[in-house]
Amino acid sequence: MNWTATSCIQKPLLLHPLFKHLKLSYGMSDLVKQSFLRPALQRTYSARTLSFLPKTKTHSMCRLSIPCASYSSDTKNINSSNIDHVAETDEYDKKRTHFGFQTVLEDEKVDKVYEVFKNVADKYDLMNDVMSAGIHRLWKDELIRHLAPHGDMKLLDMAGGTGDIAFRYLNYSNSTQSAGADYREVTVCDINEHMLKVGEQRAAQQGITRGINWLHANAECLPIEDNSYDAYTIAFGIRNCTHIEKVLSEAYRVLKPGGRFLCLEFSQVRNSLLRELYDQYSFQVIPVMGHVIAQDWHSYQYLVESIRKFPNQETFAQWILKAGFSEVTVTDMTLGAVALHSGFKLL
């Protein structure tokens, strides 16, 4: 492949105090726990020889909902002479994509993903705890540690409906800001209003009323002006989008020069034997948990399948480079089951 890479081993991530709070004692030795929690390997990618891929401002209010603008770059004029022909267009001529392991029309995927997260919204955080034994909290803490909020940073947290990243960002900011400093701000954006509703309820329960805005919008066509944010995060959301290249393009557009993109997402376990064990757990256990705890087998079956359809660490890094980002790095966590991709908008 036409890309260059350098790699370096990072220091092990020390066991997080959350382990004590969650009482995660599952018989794991300290060595096993460290191997599950540390960001084991970071890779840096260069766009120098990459060539294989084809080429409204938010307001400070509780909730802003703006329709998505059309992204069609192939608009055709339809007159009375060709309306009948258009109406008779074969469904198979329309663009298709995947929904888990199913092949569906692109518009159909949007509706199906919406229904999945509508169904799981109320139990989303509980299921994350159960499925990952609480380790998802440590992955998200590591994202915030990489982001290292500073000054009066403005963050856009995409697909962040339930507020997990936003609350961590504000808590980190409050604990590190000096008295009298400008307040940091986060906008939580999600295409699913049910997820946003859960996030707003959690914010109210935690007494968070300042520094957070809620935006109902599509990641593929954001109602946000260019160069608006200092950082853009998306955790476990980008694989559910229909056109990932548009999501990356929009992330690049709304970031200020010097802004940072961080994506936390399930990825590929690098060891083949461990990957087989992970697959067995994913397909045999997680849907059953979804049925028992959330009374929803099918949504969690889709979530497991969607992970397998998402590109591996190296391929996704190349997509990020193609969107225009520089200094792209990948940090593996939990043996590669999860990866943190980082990139900067330099111009």
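These numbers come from a predicted model, not from an experiment.

Q: In this structure, what is going on with the packing of helix H11 (residues 286-294) against helix H12 (residues 297-309)? I would like to understand it.
A: A pair of packed helices is captured by two measures, namely the crossing angle of their axes and the spacing between those axes. Two elements in contact, H11 and H12, have axes separated by 7 Å at closest approach and are oriented at 150 degrees. For the crossing formed where H11 meets H12, the hand is right-handed. Counting all contacts with H11, which are made through Ile-286, Pro-287, Val-288, Gly-290, His-291 and Ala-294, the residues of H12 involved are Trp-297, Tyr-300, Gln-301 and Val-304. Grouping the constituent residues of the contact of H11 with H12 by class yields 7 nonpolar, 3 polar and no charged.

Q: Explain helix H13 (residues 313-322) here, please?
A: Counting buried residues along H13, 7 of its 10 residues qualify, which places the element largely inside the surrounding structure. Once H13 ends, the next one or two residues include Gly-324, with phi positive near 115 degrees.

Q: Please clarify how the packing of aromatic side chains should be interpreted in this entry.
A: Any pair of aromatic rings gets described here by the distance separating the centres and the angle formed by the planes. Enumeration according to the criterion identifies 8 aromatic pairs in this entry. Between the aromatic rings of Trp-139 and Phe-236, the centroid separation amounts to 5.9 Å while the plane-to-plane angle is 50 degrees, which identifies the pairing as tilted. In this pair, Trp-139 is assigned in helix H6 (residues 135-147) and Phe-236 in the loop between strand E9 (229-235) and helix H9 (244-254), connecting sequence segments 97 residues apart. Neither residue differs from the other here; Trp-139 and Phe-236 are each classed as buried.

Q: What is the right way to look at the layout of surface pockets in this model?
A: Where empty space is left becomes clear once a probe the size of a water molecule has been rolled over the atoms. By volume, the second largest pocket amounts to about 850 Å³. Lining the second largest pocket are 32 residues, and of these Met-131, Ser-132, Trp-139, Tyr-278 and Tyr-281 sit closest to its centre. Where the lining of the second largest pocket is concerned, the elements lending two or more residues are helix H5 (124-132), H6, helix H10 (272-284) and H12. Of all the elements, H5 adds the most residues to the lining of the second largest pocket, at 6 residues. Classifying every residue of the lining of the second largest pocket by side-chain character gives 25 nonpolar, 5 polar and 2 charged.

Q: Sorry, what's going on with H12 here?
A: Taking 1.5 Å as the rise per residue, H12 with 13 residues should run 18 Å; its terminal C-alpha atoms sit 19 Å apart, in good agreement. Burial in H12 covers these residues: Ser-299, Tyr-300, Gln-301, Tyr-302, Leu-303, Val-304, Glu-305, Ser-306 and Ile-307. For H12, the N-terminal cap is Asp-296; the gap from its side-chain oxygen to the backbone nitrogen of His-298 is 3.4 Å.

Q: Can you walk me through a nonpolar patch on the surface in this structure?
A: A surface patch of nonpolar side chains, amounting to about 360 Å² of accessible area, comprises Leu-273, Leu-274, Leu-277 and Leu-335. In this structure, Leu-277 sits in helix H10.

Q: Sorry if this is basic, but what is going on with the side chain of His-216 here?
A: Relative to the elements of secondary structure, His-216 occurs in strand E8 (residues 212-216). There is a polar contact of 2.9 Å between the side chain of His-216 and the backbone oxygen of Ile-191.

Q: What's the story with the pairing of E8 in this structure? I'm lost.
A: Consecutive residues of a regular strand have side chains that alternate between opposite faces of the sheet. In terms of burial, E8 is largely enclosed, as 5 of its 5 residues are buried. As paired strands, strand E7 (residues 185-190) and E8 are joined by 5 bridges and run parallel to one another. Among the inter-strand pairings, Val-188 is bridged to a residue of E8, identified as Trp-214.

Q: Hey, could you run me through the side chain of Asn-128 in this one?
A: Note on placement: Asn-128 falls in helix H5. Under the relative-accessibility criterion, Asn-128 is labelled buried at 13%. In contact with Asn-128, not counting residues within four places along its chain, are His-136 and Lys-140.

Q: Sorry if this is basic, but what is going on with the pattern of salt bridges here?
A: Oppositely charged side chains may form a pair once their charged atoms are brought near each other. Evaluated as defined, the whole model comprises 14 salt bridges. Between Arg-137 and Asp-129 there is a salt bridge; the shortest N-O distance is 2.8 Å. Arg-137 gets classed as partly exposed once you look at its relative accessible area, which sits at 27%. Note that Arg-239 and Glu-265 form a salt bridge whose closest N and O atoms lie 2.8 Å from each other. Of this pair, Arg-239 sits in the loop between E9 and H9 while Glu-265 is found in strand E10 (residues 255-266), placing the two residues 26 residues apart along the sequence. We note that Arg-239, like Glu-265, is buried.

Q: Whenever I open this one, the nonpolar core confuses me. Can you help?
A: By size, the foremost hydrophobic cluster in this structure holds 32 residues, and its most contacted members are Trp-139, Leu-147, Tyr-169, Ile-212 and Leu-264. Listed by contribution, the elements that provide at least two residues to this core are H6, helix H7 (164-176), E7, helix H8 (193-205), E8, E9, E10 and strand E12 (338-344). Sequence-distant contacts of Leu-264, that is, excluding residues within four places in its chain, are made with Trp-139, Lys-140, Leu-143, Ile-234, Ala-235, Phe-236, Met-333, Val-338, Ala-339 and Leu-340. Core analysis: the second largest hydrophobic core is formed by 30 residues, Leu-222, Ile-238, Val-247 and Leu-255 among them.

Q: Where do I start with the environment of Leu-264 in this structure?
A: Tracing the sequence through the fold places Leu-264 in strand E10. Look at Leu-264 and you get buried, because its relative accessible area is 0%. Distance in space between the C-alpha atoms of Leu-264 and Ala-235 is 4.5 Å, their sequence separation being 29 residues.

Each value, and the rule that gives it
Residues numbered from 1 in each chain as written. Predicted model: local features only at pLDDT ≥ 70, side-chain atom pairs only at ≥ 80, totals over all residues. Heavy atoms only, no water. Axes fitted to C-alpha atoms, helices over the stretch in contact; angles between N-to-C directions. Helix = DSSP H or I, 4+ residues; strand = E, 2+ residues; numbered from the N terminus. Left-handed = near helix turned anticlockwise from the far one by under 90°. Contact = heavy atoms within 4.5 Å. Nonpolar A, V, L, I, M, F, W, Y, C, P; charged D, E, K, R; others polar. Buried < 20%, exposed > 50% of the residue type's maximum accessible area, 1.4 Å probe, protein only. Phe/Tyr/Trp six-rings, centres within 6.5 Å; stacked < 30°, edge-to-face > 60°. 1 Å grid on protein atoms, 1.4 Å probe; cavity = no way out; pocket = protein on both sides within 12 Å on 5 of 7 lines; lining within 4 Å. Points joined across faces, edges and corners; volume = space filled by probe spheres on them. Expected span 1.5 Å × (residues − 1). Polar contact = N/O pair within 3.5 Å; in protein donor to acceptor, adjacent residues only side chain to side chain. Patch = residues over 30% accessible without salt bridge, like charges linked within 9 Å, V, L, I, M, F, W, Y side chains within 5 Å. Areas by Shrake-Rupley, 256 points an atom, 1.4 Å probe, with all protein chains shown as cover. Salt bridge = Lys/Arg side-chain N within 4 Å of Asp/Glu carboxyl O. Pairing = 2+ DSSP bridges. Core = buried A, V, L, I, M, F, W, Y, C linked by side-chain atoms within 4.5 Å.

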